[in-house]
Amino acid sequence: MNKYLLSVSAFAFASTAFAQDVDDIMIGPDRLRADAITVIATGSDARIDRLGQPVTVITADEIKSIQGPDITRVLERVPGLTITRNGGPGSFTGVRLRGADAEQVLVLVDGVRMEDVSAPAAGFDFGTLTPGGVERIDVLRGSNSVVWGSAAIGGVIAIQSRDLNGVEASAEYGANESWTADAAAGLASDRAALTLNGGYTRTDGISAAAIGTEPDGFRQYRIGGRGRLNLTDQLAVVGTARYADSRTDIDGFAAPTFTFGDTPEYQDTRQASGRVGLRYISDALTINTGFALSDTKRDYFDPTFGTAPSYGYEGRSERADLTGRLNLPANFTLDFGADSEWTRFFSTFDAEAKANLTSGHALLGWSNGQASLAAGVRVDDHSRFGTAWTFGANGSFGLTDNLRLRASYGEGFRAPTLYNLLSVYGNAALLPERSKSYDAGLEWGNRSAPLHASVTAFRRDSRNLIVFVSCASLNRCADRPFGLYDNVGNARAQGVEAELGARPTDTLHLQAAYTYLETENRTAGNANLGKDLPRRPTHALTLSSDWTTPLAGLTLGADLRMVGDSFDNASNATRLDGYALTTVRASFPVTEKVELYGRVENLFDQAYQTVATYGTLGRAAYIGLRARY
């Protein structure tokens, strides 16, 4: 992508305030915008401008302006974040933060961990998630396993569904016979609130195989909800739920050539998740406790051999958790938590396997308004691999009213999945992957201010990375003839992130997010020692603009996403060329409550790939209608 660069010389965040306006939250004596606080750094409400860790919050208004069912177009506005996708809409979509693998990024939807414990790496598939019904997205970059435990090596992405007092609905149609419809309705009072949301998406799609001619479609219907009941002024029952059923057409390796191309295969994925709990708030103590469930079923079909599934997987996680904050004298706070998670999986090829992970953590913080410091420790005890300790610390110092210096050190770990440990390719002797992450930066203002700018330098060293190896390397060909997993990988990722936002007038908003990334395989004795990690572009840049014109409220927007060259494989033998994608957007208020909108994605019909041999969308236009009551 160098050629392109040269050519351009909080899940339950709002619920903490119960009946207060979602744009007006109290933190101690301060009244702040909701997007100025987050729980993603400490597990409790914290002001973003006092954190030592870089956090980006994208709100519902910005999500709505971007348009469409592809949530990755929203996430691309976050510095340090890149996307890979195995085909068109609905195909497996991985999100990387600061060069970490997709499975090393913890994803939370309404406070529920969305790991697929039956998958080889347990990474969340963003191809199954749309922005319909989403209130906000919080992204923390850097290792933070002290608060969040396993998988928080690259960072944490927390997605919160909407709280409504009214009705909202939208529908759009576009390229490749694509249809999307979303609706949400809610009631709210000082005592209780309930919001339900649902949606449907379908598209004929494109061929998953780049050389293919048969389109591979996608279909999903989804339903969800959230609610609260205030038992007293300080105690409330809160709950969330989500269900999504997806069908994704895929390509494969058909006889007699067994080369990647058109096949009639498809995948059914059913995801169910939810959490119910209690939230207590007083001046001295906040406690949030509950029970969460996440269940994923994946079945794969090949109609060539009949209507029954060819094979399938099922993974389930049940989690009891408690987090809280104790306000101490002399501006000190103690954030604490404990949880226990029970996981199990089985597949067509594997008998049921189970594991339990029990954890506890504490984070001591101090802030006097100008300076903030925090340090913490976590211990995790896994029924299969034993005990892991994790440490972290961060600080922030206000140099002027708008300029602050921040720095953090964080450790991360990712527990081996049950698939890694106990499947037909499993290795029960696996240890958790570990990381040490460092960053330091300067930040001016915040994302909602007239001027916002930040720059951050970061480094992360990872060890014990789990990779698939031949059976001969461990002398296990007797019981693992096709290979198995082992802790043999070490890696480094380092670079610089920069973000700029400006509102020169009340009607114009300009944004830029840039990442420079260096990655290196540091596994001693490995044939790929010193080579780049696969699918990690050196450069990534997003430019965005939104302008509300004087013409009856007509809003025009544009996005430019530029991604540099990278390699598709660990040996760096297959290059992925950089690319630049342009999207233009418009919206027009037909009435006070009805809005017409449309966009053209990949305006210049750029040919590109994020995964070698997989197809990507060309130029595509969409038109839609939104209403609220």
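The rules we used
- Residues numbered from 1 in each chain as written.
- Predicted model: local features only at pLDDT ≥ 70, side-chain atom pairs only at ≥ 80, totals over all residues.
- Heavy atoms only, no water.
- Disulfide = S-S within 2.5 Å.
- Buried < 20%, exposed > 50% of the residue type's maximum accessible area, 1.4 Å probe, protein only.
- Pairing = 2+ DSSP bridges.
- Helix = DSSP H or I, 4+ residues; strand = E, 2+ residues; numbered from the N terminus.
- Salt bridge = Lys/Arg side-chain N within 4 Å of Asp/Glu carboxyl O.

## Some thoughts on the state of the cysteines
And step 1. For the coordinates displayed, the defined rule picks out one disulfide.
And step 2. A sulfur-sulfur separation of 2.1 Å characterises the disulfide bridge that pairs Cys471 with Cys477. Here the S-S torsion is close to 80°, and the disulfide linking Cys471 with Cys477 is therefore right-handed.
And step 3. Here Cys477 falls in the partly exposed class, since its relative accessible area comes to 36%.

## A few points about the sheet that holds strand β5 (residues 55-59)
And step 1. One open sheet accounts for five strands, arranged β5-β10-β11-β8-β9; its pairing is mixed. Two strands bound the open sheet, and with one partner strand each, they are β5 and β9 (112-113).
And step 2. The pairing of strand β8 (residues 105-109) with β9 spans two bridges and is classified as antiparallel. When the bridges of β9 are listed, Leu108 appears paired with Arg113.

## A closer look at the pattern of salt bridges
And step 1. All chains considered together, the criterion is met by 51 salt bridges.
And step 2. For the salt bridge of Glu62 with Arg77, the shortest nitrogen-to-oxygen distance reads 3.0 Å. Of this pair, Glu62 sits in helix α2 (residues 60-66) while Arg77 sits in the loop between α3 (72-75) and β6 (81-85); the two residues are 15 residues apart in sequence, bridging distant segments of the chain.
And step 3. By relative accessible area, which is 12% here, Glu62 ends up buried.
And step 4. We classify Arg77 as buried; its relative accessible area is 5%.
And step 5. The shortest N-O distance in the salt bridge between Arg536 and Asp101 comes to 2.6 Å. Here the residue Arg536 occupies a position in the loop between β30 (508-521) and β31 (539-548), and Asp101 occupies one in the loop between β7 (93-97) and β8, the gap between them amounting to 435 residues.
And step 6. One salt-bridge network, in which partners are shared between bridges, spans Asp295, Lys297, Glu314, Arg316, Glu318, Arg344, Glu352 and Lys354.

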